[in-house]
Amino acid sequence: MLDKNFLWGGATAANQAEGAVLRGGRGLSNVDLLPMGNERSSVALGDHKMLAWEEGYYYPAKDAIDMYDNYLKDIHLFAEMGFKVYRMSISWTRIFPNGNDDQPNEEGLKFYEKIFKELKKYNIEPLVTIAHFDVPVSLIKNFGGWKNRKLIDFYVRYAKTIMERYDSYVNYWLTFNEINILLHQPFVGGGIIFEEEDRDNKLEITYQAAHHQLVASSKVTKLSHEINNNNMVGCMLAGGSHYPYSCNPKDYQEAIKRDREGYFFIDVQARGKYPKYALKKFEREGLKIKMESDDIDILANYTVDFVSFSYYCSRTVSADPDKYKSATGNLFPSIKNENLPSTEWGWQIDPLGLRNSLNQLYDRYQKPLFIVENGLGANDELNDDGEINDDYRIDYLKKHIQAFKDAVEIDGVELIGYTTWGCIDLISASTGQMSKRYGFIYVDKDDHGNGTLLRTKKKSFYWYKKVISSNGEILD
Ligand code: BG6
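Please read these numbers as outputs of a predicted model, since none were measured by experiment.

Participant: Before we go on, may I ask you to explain the sheet that holds strand S1 (residues 7-11) in this structure?
Facilitator: Two strands in a sheet stick together by hydrogen bonds in their backbones, pointing the same way (parallel) or opposite ways (antiparallel). The strand order around the closed barrel built from eight strands is S1-S2-S3-S4-S5-S7-S11-S12, with neighbouring strands paired in parallel fashion. Averaged over all pairs of adjacent strands, the angle between strand axes in this sheet comes to 25 degrees, irrespective of strand direction. As paired strands, strand S11 (residues 369-373) and strand S12 (residues 415-421) are joined by three bridges and run parallel to one another. Within S12, the residue paired with Phe370 across the bridge is Gly417. With respect to the sheet, helix H9 (residues 202-227) is in contact with strand S3 (125-131), strand S4 (172-176) and strand S5 (232-238), its orientation differing from that of S4 by roughly 160 degrees.

As structure tokens, this is what we get:
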């Protein structure tokens, strides 16, 4: 049996749900500038500089699903499903439009206060991501984003402002969403743009930015405990471990190497020091990471209280990848694993992989875990009666819930909660599409921005409600 206080709920992010990007005194963020279409990926990688909205592009984050105007309705629906927790992010530029303004924007602060009050009304615990792919554009233009050490202080001040202001509402905080995304999409993760002169030093720049984020994360963990001893601060990994394609030891070695690319961040955040394999890599590859004298102490003394992660799929690697077909997946390249089915977007479905990941993370960190994203991106069709019978989503979630229950009940993993991704349809981070839907609640909007925004409960809405009320005992 899961603990009676197990936190069931769902997750969204400001930039994928709120819209209203320039209303209420908000400033522009990196993720507002990800266009739909071919350029999305080169902008995300930091190779194509796009620091303003340009003619001829569609930017889905501008309006998203307009949760800015619909949050009352949406929270009401979450409450109807029985959510115990709602994971959301605060938009940095709603609080500090330029990232480092003298005064915070009161209108932005009030907006989230209204959300927290509404959640409190229904006894829904907020789980707040301080930065979900969110870097103020002004800090990118003036400081180069997280390349620059100055971002640490700006971020800490932003975090202090929201932690103090929302102290009576929020206990669970995440410092950076999928912090390892920095290695894969530097603009999305750190507002990093590679200028001509940076082209030969991309890796060093990226790891320097990572160091800044890691120090910022520790400082905020310290601060959060000073503000309120009951605060729980977590790190967040884009999870899903790597399988070797074969039992060739070289493939296994490759899997260890690739797992470590992500674990690197969590090793620092949860264990408090740079792992030796990373220091050796820096030495070997000539990466010179600048650190200040007290950084090492800060990292060592202020580790996170829990480890959270997203899980959509496992990944498969080989020492000789060109020999095999590839698969798409959340953020990282992977070889197609012939043992697994795939979603319409080619992400490989692997519930047992979730149980395996939970075990690996728990063995490694011995800290409570929290699955803060999991779900199926699928095309949903309304039938003639206006219903959405998303049995495929129920099937996906049911298998993943059973897998984490097995990890808890059979393997003894400590798990605090589970928030499904995109509990209401929102725009996709990788593609910008609306048609890649994850929600229990359908939002009437298409990939070109047309639609009434009407919210409709899907079949999975009623199913999840039963799952929550039975504390995961009824999955059918
Ligand atoms: C995670 C992100 O990478 O995966 C979310 O934290 C994202 O922001 C989610 O939406 C699903 O990915 P996608 O590309 O299908 O939206």
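Participant: How should I be thinking about the environment of Ile162 in this particular structure?
Facilitator: Mapping Ile162 onto the fold places it in helix H7 (residues 150-165). Since its relative accessible area comes to 0%, Ile162 is described here as buried. For the pair formed by Ile162 and Gly240, sequence separation is 78 residues and the distance between their alpha carbons is 31 Å. Ignoring any residue separated from it by four or fewer positions in sequence, one finds Ile162 in contact with Ile90, Ile95, Leu109, Ile130 and Trp173.

Participant: Sorry, what's going on with the site of the ligand here?
Facilitator: The local shell around the ligand holds 15 residues, among which Gln16, Glu178, Glu373, Ser430 and Tyr438 are the closest. Contact between the ligand and Gln16: an oxygen atom at 2.7 Å from a side-chain N or O atom of the residue. The side chain of Tyr438 places a nitrogen or oxygen atom 2.5 Å from an oxygen atom of the ligand. Taken by itself the ligand offers 370 Å² of open surface, and the protein chains cover 99% of this. Each residue belonging to the shell around the ligand can be placed in one class, and the counts come to six nonpolar, six polar and three charged.

Participant: I'm lost on the confidence of the model for the chain in this one. Help?
Facilitator: Low pLDDT marks regions whose predicted coordinates should not be analysed in detail. Residues with a pLDDT of 70 or more make up 100% of the chain, whose mean pLDDT is 97. Here strand S9 (residues 326-327) stands out as the least confident element of the chain, with mean pLDDT 80; strand S2 (residues 85-89) is the most confident, with 99.

Participant: I tried to follow the side chain of Asn374 on my own but got confused; where do I start?
Facilitator: Relative to the helices and strands, Asn374 is located in the loop between S11 and helix H14 (391-409). A distance of 2.8 Å separates a polar atom in the side chain of Asn374 from the backbone oxygen of Tyr311.

Participant: Please explain the packing of aromatic side chains as it appears in this structure.
Facilitator: Here the distance between the centres and the angle between the planes together describe a pair of aromatic rings. One pass over the structure, following the stated rule, counts 38 aromatic pairs. The interplanar angle of 35 degrees and the centroid separation of 4.0 Å between the aromatic rings of Tyr245 and Tyr324 together place this pair among those described as tilted. Of this pair, Tyr245 sits in the loop between strand S6 (242-244) and helix H10 (249-271) while Tyr324 is found in the loop between strand S8 (315-317) and S9, placing the two residues 79 residues apart along the sequence. We classify Tyr245 as partly exposed; its relative accessible area is 32%. Looking at Tyr324, the relative accessible area reads 26%, which means it is partly exposed. One aromatic cluster is present, built from ring pairs that chain together Phe6, Trp8, Phe78, Phe83, Tyr86, Phe404, Tyr418, Phe440, Trp463 and Tyr464. Over the ring of Trp53 we find Lys62; its NZ or CZ atom is 4.2 Å from the centre of that ring. Its end group placed over the ring of Phe111, Arg94 keeps NZ or CZ at 5.4 Å from the ring centre.

Participant: What is the right way to look at the environment of Phe461 in this model?
Facilitator: Along the chain, Phe461 falls in helix H15 (residues 459-469). Each C-alpha atom of the pair Phe461 and Glu80 lies 9.2 Å from the other, and the pair is 381 residues apart in sequence. Once you skip the residues sitting within four places of it in the chain, Phe461 turns out to touch Leu77, Glu80, Met81, Phe440 and Ile441.

Participant: What should I look at first to understand the packing of helix H3 (residues 67-81) against helix H5 (residues 106-121) in this one?
Facilitator: A pair of packed helices is captured by two measures, namely the crossing angle of their axes and the spacing between those axes. Contact pair H3 / H5: the axes reach a minimum separation of 10 Å and the direction vectors enclose 10 degrees. Taken together, H3 and H5 sit at an angle that is classed as roughly parallel. On H5, the residues touching Tyr68, Tyr71, Leu72 and Ile75 of H3 are Glu107, Phe111, Lys114, Ile115, Glu118 and Leu119. Class assignment for the residues of the contact of H3 with H5 results in seven nonpolar, no polar and three charged.

Participant: Teacher, can you tell me more about unusual backbone geometry here?
Facilitator: Excluding glycine, a negative phi dihedral is what most residues carry, and trans is how most peptide bonds are arranged. Phi at Ala20 takes a positive value of approximately 45 degrees, unusual for a residue other than glycine. The topology assignment puts Ala20 in the loop between helix H1 (14-17) and helix H2 (39-45). Judged by relative accessible area, which is 7%, Ala20 ranks as buried. We note that Leu453 has phi near 70 degrees; this positive angle belongs to a residue other than glycine.

Quick notes on the rules
Residues numbered from 1 in each chain as written. Predicted model: local features only at pLDDT ≥ 70, side-chain atom pairs only at ≥ 80, totals over all residues. Heavy atoms only, no water. Pairing = 2+ DSSP bridges. Helix = DSSP H or I, 4+ residues; strand = E, 2+ residues; numbered from the N terminus. Axes fitted to C-alpha atoms, helices over the stretch in contact; angles between N-to-C directions. Contact = heavy atoms within 4.5 Å. Buried < 20%, exposed > 50% of the residue type's maximum accessible area, 1.4 Å probe, protein only. Near = heavy atom within 4 Å. Polar contact = N/O pair within 3.5 Å; in protein donor to acceptor, adjacent residues only side chain to side chain. Areas by Shrake-Rupley, 256 points an atom, 1.4 Å probe, with all protein chains shown as cover. Nonpolar A, V, L, I, M, F, W, Y, C, P; charged D, E, K, R; others polar. pLDDT = per-residue confidence, 0-100. Phe/Tyr/Trp six-rings, centres within 6.5 Å; stacked < 30°, edge-to-face > 60°. Lys NZ or Arg CZ within 6 Å of the ring centre and 35° of its normal. Parallel < 35°, antiparallel > 145°, perpendicular 65-115°, else oblique.

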